[in-house]
Amino acid sequence: MKTATISRPQSIFKRAWRGFSPNGNPPFHFSAFHNGVSVSQNIHESYLHHDKSNFTRIENFGDAILLYRHMVRIHPRPPTVQFNHLLNAIVKMGRHSDAVALFRDIFASGTPINQFTLNIAANSLARLHRVDLGFSFLGIHLKLGLVPNVVFFTTLLKGLFLQGRVRDAIWLFHKLSNEKLCELDEMTLLVLIDGLCKAGHTGKAMKLFRLFDEEGNCKLNVYAYSAIIDSLCKDKMVDDALVLFDKMMKKGIPPNTVTYNSLMDGLCKFGRWEEVKGLLERRMDCKVPLTVRTYAILVDGLCKEGRVGDAANIVDIMVQEGLDPDTVTFSALVDGYCKQGNMKAALELFNDMIRRGCGPDICTYNILINGYFKNGCSEKAMQLFDEIHSIGLKPTVVTYNTMLDGLFRVGRCVDAEKLFNKMVKNREHPDLFTYNIILDGFCKNHHVPQALSLLRAMETKGPTPDIVCYTTIINGLFNYGKSRRAIELFNTLPAKGLQPNKFTYISVISRICQEGLLEDAKNMLKEMEKNGLMPDSMAYNVLIRGLLEKNEHCDAILLSEEMLSHGFSPDNRTCEILLELILQRGPDSTLLHTLLNSRKPGDSFELPPNHYSTMFSLSS
């Protein structure tokens, strides 16, 4: 990799570091350390004590800077390795800004630095999302006659991923590999694979993973396997993750806690409980202990399937095993109770969390607020929201979105508008989901003009409306009796660079059917398919109902046969309409044949009570 020639290493800082203030917070200033102020007599004893342990026992930043102050005044100065140990101690405190400031001071003081010093400082810059300054160290390497090693380049690679610069990270990796700038190791491959996975590029990560695995130039370890398995599970590719897991076992690479937890989370999300049980047994055989995270995954999975009693039992077992449930575990169980409508149990558990010293976080409050709204307790939701500030928590965008959605659901539009204004005032910037909630709330509460006004404001001032925003407005206009304006807005979507989604088409098809424009509705279904959106059960049923209601029975039967050939069945509402028509036309109607033959094995639907005996007599 080429680096620019410079006259003095210090000039890099003057050019590249001018105005450097990471995260907007100025780091500690070290300039006063060289002013000749007397030092306490016992500081040298402290220095000698910490020097023996390589400064690993320093936990207080104030102690660290006192030791540094003493070190720069000792004659002769301590070797570079001691400054590196001290610098590393500050990094381990998480004080990356101060570590960078200390590095600058060490460099400016004339203390010799080496490859390890540069690696430590580059790591802090990467953590501060200033990898650009990390790259400037290449010039320092050149002037000092140092060769950048694999640790330095791996740090830059990680920094690029932390800043979301995936393309640059891939470019850097290929440059390192193709030009043999350093000998890549396991950590480099792990950073690459983990970075790609966390950025959502599981396919690219898998491709590189297979390449490394086949070439065998560098052994892939458990951490690399776990990163891929976790990413596959998050992408709902659990079967692929299980195949990789088996391959890992056959290669003699023992899975760790992360591997097992990732697989369990993926299996729980699909309700594959027998496999979860088998994996738990396998895990115990391998003596990989269950962690708090493991129990949280099980509790969350069970609650999402409505098995709240089983989830509560898991928490009891967890406590018996000597593990304290964390906020995530309790919050999952609170959510389970809320979804069952058992707000009393949810509140009891919420209070129990506080008694146990496991303080609810903002996510717990969001869950409980949402539960109160969905169970018709809007006042309690409001009280809980007001309580958030008093306990030192700050509402997030999710909190405000939950509140706005709840207020609109109960028709409290004025309160929702006030809350939105408060959200903006508190600089909790609304996201596109916030605006979608407001648009939907206005439309469902018959305030379509306000929704349209907001949409126009978004078009000019931002955020740019997406297809969900326009679909909401189109549906709202139809419900408001403004069909022509709805269709006009639908027709403008291509010019806005937007592709109608399934719900946009279904909304338009449903309405033009009601207006008797059946040919337009059928053409719309074809257009949907032409644009790469295969009609699903909902689309077919909407059009079939429209045809039946307008007595276009032949077309309805043909479309029903087409729907069945694609693996879909009439839904309950379509079946009810068919049955009502059969009752009018008698048992010889071809509609009876359609109804009886269009239901697949295992399908069922609910009939109104007075239809059961009639249906039984017709089909016998």
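Residues numbered from 1 in each chain as written. Predicted model: local features only at pLDDT ≥ 70, side-chain atom pairs only at ≥ 80, totals over all residues. Heavy atoms only, no water.

In this section: helix 6 (residues 115–127). The first and last C-alpha atoms of helix 6 sit 19 Å apart over 13 residues, in line with the 18 Å expected at 1.5 Å per residue. A large share of helix 6 lies buried, amounting to 10 of its 13 residues. Those residues of helix 6 that fall on the buried side of the exposure criterion are Gln115, Thr117, Leu118, Asn119, Ile120, Ala121, Ala122, Ser124, Leu125 and Ala126. Buried positions along helix 6 lie against helix 4 (80–92), helix 5 (96–108), helix 7 (131–135), helix 8 (137–144) and helix 9 (150–162). Where helix 6 begins, the side chain of Asn114 points an oxygen toward the backbone nitrogen of Phe116, at a separation of 3.1 Å. (Helix = DSSP H or I, 4+ residues; strand = E, 2+ residues; numbered from the N terminus. Expected span 1.5 Å × (residues − 1). Buried < 20%, exposed > 50% of the residue type's maximum accessible area, 1.4 Å probe, protein only. Contact = heavy atoms within 4.5 Å. Polar contact = N/O pair within 3.5 Å; in protein donor to acceptor, adjacent residues only side chain to side chain.)

Let us look at the side chain of Thr202. Here Thr202 is to be found in helix 12 (residues 202–215). Overall, Thr202 belongs to the buried group, its relative accessible area being 5%. Here Ser231 takes part through its side chain, which lies 2.6 Å from a polar atom of the side chain of Thr202. At a separation of 2.5 Å, a polar atom in the side chain of Thr202 contacts the side chain of Asp235. Ignoring anything within four residues of it in the chain, the contact list for Thr202 reads Leu196, Ser231, Leu232 and Asp235.

Counting across every chain of the model gives 13 aromatic pairs. On the numbers, 5.7 Å between centres and 65° between planes, the contact of Phe245 with Tyr260 is edge-to-face. Here the residue Phe245 occupies a position in helix 14 (residues 238–250), and Tyr260 occupies one in helix 15 (residues 257–269), the gap between them amounting to 15 residues. A relative accessible area of 0% means that Tyr260 is categorised as buried. Aromatic side chains Phe408 and Phe442 sit 5.6 Å apart centroid to centroid with 70° between the ring planes, which places their arrangement in the edge-to-face category. Pair noted here: Phe408 is in helix 23 (residues 397–409) and Phe442 is in helix 25 (residues 432–444), with a separation of 34 residues, a long-range link. On the accessibility criterion, Phe442 (6% relative accessible area) is buried. (Phe/Tyr/Trp six-rings, centres within 6.5 Å; stacked < 30°, edge-to-face > 60°.)

Counting 180 residues, the largest nonpolar core has Phe137, Ile193, Ile228, Leu333, Leu368 and Ile473 as its most contacted members. Examining the composition of this core, we find that eight residues originate from one element, helix 13 (residues 222–234), more than from any other. (Core = buried A, V, L, I, M, F, W, Y, C linked by side-chain atoms within 4.5 Å.)

Take the side chain of Ser331 next. Inspection of the secondary structure puts Ser331 in helix 19 (residues 327–340). By relative accessible area, which is 6% here, Ser331 ends up buried. Polar side-chain contacts of Ser331 include one of 2.7 Å to the backbone oxygen of Thr327. Aside from chain neighbours lying at most four places away, what touches Ser331 is Met353, Asp361, Thr364 and Ile367.

Under the counting rule described, the total for this entry stands at 27 salt bridges. Arg355 serves as the salt-bridge partner of Asp352, at 3.7 Å between the closest nitrogen and oxygen. Taken together, the residues span about one helical turn, with Asp352 and Arg355 both in helix 20 (residues 343–355) at a distance of three residues. Arg355 sits in the exposed class, given a relative accessible area of 63%. Between Lys522 and Asp555 there is a salt bridge, with its nearest N and O atoms 2.9 Å apart. With a gap of 33 residues between them, Lys522 in helix 30 (residues 518–530) and Asp555 in helix 32 (residues 553–565) connect regions that are remote in the sequence. What makes Asp555 partly exposed here is its relative accessible area of 26%. Residues joined in a network through salt bridges with shared partners are Asp239, Arg272 and Glu275. (Salt bridge = Lys/Arg side-chain N within 4 Å of Asp/Glu carboxyl O.)

Quick look at helix 24 (residues 413–425) now. Counting along an α-helix, one turn takes 3.6 residues, and residues three or four places apart therefore face a common direction. For helix 24, spanning 13 residues, the distance from its first C-alpha to its last is 18 Å, which sits close to the expected 18 Å at 1.5 Å a residue. The positive-phi residue at the C-terminal boundary of helix 24 is Arg427, with phi of around 60°.

What follows is about the confidence of the model for the protein chain. When pLDDT is low, close inspection of the predicted coordinates is not appropriate. Per-residue confidence for the protein chain gives a mean pLDDT of 85, with 87% of residues at or over 70. Confidence over residues 1–16 falls short of pLDDT 50; this stretch has 31 contacts with residues more than four positions distant or in other chains. Contacts for the low-pLDDT stretch residues 31–40, under 50 throughout, to residues beyond four places or in other chains number 17 contacts. (pLDDT = per-residue confidence, 0-100.)

This paragraph deals with the environment of Ile65. As for its position among the elements, Ile65 is in helix 3 (residues 61–71). In this structure Ile65 comes out as buried when scored by relative accessible area, which is 12%. For Ile65 and Leu102, which are 37 residues apart along the polypeptide, the C-alpha to C-alpha distance reads 8.9 Å.

This part is about the packing of helix 27 (residues 467–479) against helix 28 (residues 483–491). With their axes 7 Å apart at the nearest point, helix 27 and helix 28 run at an angle of 160° to one another. One finds that helix 27 runs roughly antiparallel with respect to helix 28. Regarding helix 27 and helix 28, the two cross each other, and that crossing is left-handed. Residues Tyr470, Ile473, Ile474, Leu477 and Phe478 of helix 27 touch helix 28, and the partners they reach there are Ser483, Arg485, Ala486, Ile487, Leu489 and Phe490. (Axes fitted to C-alpha atoms, helices over the stretch in contact; angles between N-to-C directions. Parallel < 35°, antiparallel > 145°, perpendicular 65-115°, else oblique. Left-handed = near helix turned anticlockwise from the far one by under 90°.)

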